[in-house]
Structure formats: structure tokens, C-alpha cells
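Coordinate inspection notes
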Amino acid sequence: MKITRRKSRVVKIGKIHIGGKYPVAIQSMTKCATADIAACVSQIKGLEGAGCEIVRLAIKDMRDARAIRKIKPHVSIPIVADIHFDYRLALEAIESGADKIRLNPGNIYKGSEVKEVVSALKASGIPLRIGVNSGSVKEAKLTMADRLVKSALDYMRMIEKLKFYDLVVSLKGSTVLDTIDAYRKIARSCDYPLHLGVTATGSPFRGAIKSSIAIGALLLDGIGDTIRISLTDEPKEEVLAARGVLESLNLRRFGPQIISCPTCGRCSVNLVDIVGDLEKKLSRSNLKNQTVAVMGCVVNGPQEAKEADIGVAFGKNEGLIFKKGKPFKKVTPAECVKTLTKYLEK
Ligand code: SF4
């Protein structure tokens, strides 16, 4: 099955392009005070290392807005300033070198204020994300999805009247169904790139499931140009989850794919540790487009292992490695990861 992506405008955020045929980009957000420059730089560097491509920073006061100037020289991914309530924070963030501004239509909506921000965006040549959240939309008579869409469209029309079109849109609901419904509707109503996410998702485990279902369903529809998996967890976990979603849909590849069996009573080796160890080793490699199979026994193992570029099927205390479908070498469980990695790198 091939995903046909929705045609969207291209928007440039710092050095990253989104929309059009550009790959779906991964975003996350720092979780420390932006004015704490050392903590913020360290967190962004961690995110960069994990594969984050765009980072958003909470700007709650002027100190945060001014901190962007000091953070930028130390990081390499574009910075998005997340602004609520006070449009002057957006002006200061633009002045400090933010690569994109996010405004929430639910709390910055006065025409004169939006106009000032748009003038500054035009002068700096940076885009704006219209970031609607279920927590800040009104119009109680409409469904949540329709409220999200209406809020975004009203704001979009106000900004388009100012002849500004460098826009990205997000409509984050807190439920999977509202989020999917809202994005499907907005996708038919405009051609701006869409940033996908579900807000307030809950614990890391539940949050990853909720986000993966909503974002995955939309990506399958061809909708979405950037994604964030919001988790109540370390920011880099959001990036790893986002990578997993994009890889699962074959939209991006970030390294070799590991397929492994769930194990059952037939497995006589510690497959969980072997796969964990292999994943850690491969996450640091630059190898792409290869598939590694790790199977616990001979029932399905040899067949699955044969279909991968390299694979191992375990028997009693030893594994048989297959390379391009052919039996190649026997290994002990202890030497398996080292051997697989060595032959992947060749
Ligand atoms: Fe069980 Fe073997 Fe299947 Fe793994 S490959 S789940 S060990 S039957």
C-alpha cells in the first residue's frame, strides 16, 4: 500500500522545509524554563541527538523571549516560540531570532495585536503556526472538531486579509476521534502544511498509543507535514515515539528495522535482552534500509529470518544466522548481537 500525501504549500522553518514533498518532520518541545539557558540548550542538544528536527519553546514572559537570542547560537535545529495571551512576547521572540511563532487563536485574537505580529513576521521572513487547542475554543453549540476547525479558519481568514500566507496549522484535540475529525476537515479547507498532534495525552504508555492511533490514521490519509507525540515524559522519548510512527508507515527510515517475535514457551534464550541490546547498538548507527530479524525458535524463525537482510533464528542455546535468505553461521546467544551488527556494517 502506498500513502498519497495531501498537496500542501511549502513552508520554511529555519533550515527545515515542511509541506510539499518534504519528509514529515519530527517536532518536540523543551520541558524546562526557557530563561534557564543552560538547561534549555542541554535539552535541545539531547533532542537533536535523538533525531528531533524542530523544537518549540514555551515563552511565558519577556525573559523567556529574550533567552532565544542566547540559546540559538548553541543549537542547530529551528526554534519555535510558543506564545499565549500576550502578543508582545511574539514581537520580542521574533526580535530575538525565533524561526517560527506559534499563536493560539483562543487567547490572542484582537485584530490590532495579530496585525502587529504579522507585520513583524513579514519583516523577518518567518512563518506562523496557528495552533488551536481543544482547551481554548468556545462556540459550545458545535462539536469539538468543528470548534477547532472554525477557530483555525476564522484566524486564517483574518491573517490572509493581511496578505500573509506563510502559515502552518494545528488543531489538537484531547481525544483521538476529535483530533482525526478536525484534521480531516481542515485538510479539505486549506492547503497549508499541517502539524499533527494530540494534546494532553496522559502517561507515556497511553499517550504513545493515543497519539500513534490519531497521527497514524491521519498520516495514512496522507494528512500531516510535521508531527509531535506529546508525552508526559522526557522530551527525547517523544522523538523516539515519533520516529517509530513514521517508520511503521514507511514514511521515513532512520536506521535498520528490527523485527522480532513476541517469544512464547518455545523460546529458550533471553530474546528480550538480545533485542534490547541490538536496538541500542543500531540506534547509534547510520545504516539505513536494512531489515534484521530476531526470532526465538525454529517454528517461524527461519522463514522470517530468511526474508530479512540478515536474521537469526534461535534453537536450543544457539542461533542460526541467515544472510540474504541463506544459512550463514551459528552463534551463541552471547555473541549474536555483535555478529549481526558486524555483518550489517559490511
Ligand atoms: Fe514462539 Fe517461535 Fe513464534 Fe517466537 S518464533 S513467538 S518463539 S513460535
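Residues numbered from 1 in each chain as written. Predicted model: local features only at pLDDT ≥ 70, side-chain atom pairs only at ≥ 80, totals over all residues. Heavy atoms only, no water.

1. Some remarks on the packing of aromatic side chains
- Counting across every chain of the model gives one aromatic pair.
- Both rings, one in F328 and one in Y343, keep their centres 4.9 Å apart while their planes meet at 80 degrees; by these two values the pair is edge-to-face. Within this pair, whereas F328 is found in strand β15 (residues 326-331), its partner Y343 is found in helix α11 (residues 333-345), the two being separated by 15 residues in sequence.
- Residue class for Y343 comes out buried when judged on its relative accessible area of 16%. (Phe/Tyr/Trp six-rings, centres within 6.5 Å; stacked < 30°, edge-to-face > 60°. Helix = DSSP H or I, 4+ residues; strand = E, 2+ residues; numbered from the N terminus. Buried < 20%, exposed > 50% of the residue type's maximum accessible area, 1.4 Å probe, protein only.)

2. Considering the domain arrangement of the protein chain
- In terms of domains, the protein chain is made up of domain 1 (11-248) and domain 2 (257-344).
- Just the C-alpha atoms count here: the centres of domain 1 and domain 2 sit 39 Å apart. (Domains from an automatic or database assignment.)

3. Focus on the environment of A98
- Relative to the helices and strands, A98 resides in the loop between α3 (87-95) and β6 (100-103).
- Excluding residues within four positions of it along the chain, A98 makes contact with I68, I79, A81, A93 and I126. (Contact = heavy atoms within 4.5 Å.)

4. Overview of the packing of helix α1 (residues 37-50) against helix α8 (residues 235-248)
- It is the contact of α1 with α8, at a shortest axis distance of 9 Å, that shows an interaxial angle of 20 degrees. Overall, the two elements α1 and α8 adopt an arrangement that is roughly parallel. The two elements α1 and α8 meet at a crossing, and its hand is right-handed. In this structure, α1 uses Q43, G46, L47 and A50 to contact α8, whose residues at the interface are P235, K236, V239, L240 and R243.
- Here the residues of the contact of α1 with α8 are counted per class, giving five nonpolar, two polar and two charged. (Axes fitted to C-alpha atoms, helices over the stretch in contact; angles between N-to-C directions. Parallel < 35°, antiparallel > 145°, perpendicular 65-115°, else oblique. Left-handed = near helix turned anticlockwise from the far one by under 90°. Nonpolar A, V, L, I, M, F, W, Y, C, P; charged D, E, K, R; others polar.)

5. A short note on helix α2 (residues 62-71)
- Considered for burial, the residues of α2 that qualify are D64, A65, A67, I68 and I71. When α2 is viewed along its axis, its buried side chains cluster within an angular range of 155 degrees and face the same direction. Of the residues in α2, the exposed ones pointing more than 90 degrees away from the buried face are R63 and K70.
- The inward-facing, buried residues of α2 abut α1, β4 (54-59), β5 (79-83) and α3.
- In this structure D61 caps α2, since a side-chain oxygen of it lies 3.2 Å from the backbone nitrogen of R63. (Arc of directions from axis to C-beta. Polar contact = N/O pair within 3.5 Å; in protein donor to acceptor, adjacent residues only side chain to side chain.)

6. Here we look at the nonpolar core
- Ranked by internal contacts, the top residues of the largest apolar core, which has 77 residues, are I83, I101, L171 and I186.
- Per element, the largest residue contribution to this core is nine residues, and it comes from helix α5 (residues 144-160).
- Among the nonpolar cores identified, the runner-up in size contains 21 residues, and V294, F314, L340 and Y343 belong to it. (Core = buried A, V, L, I, M, F, W, Y, C linked by side-chain atoms within 4.5 Å.)

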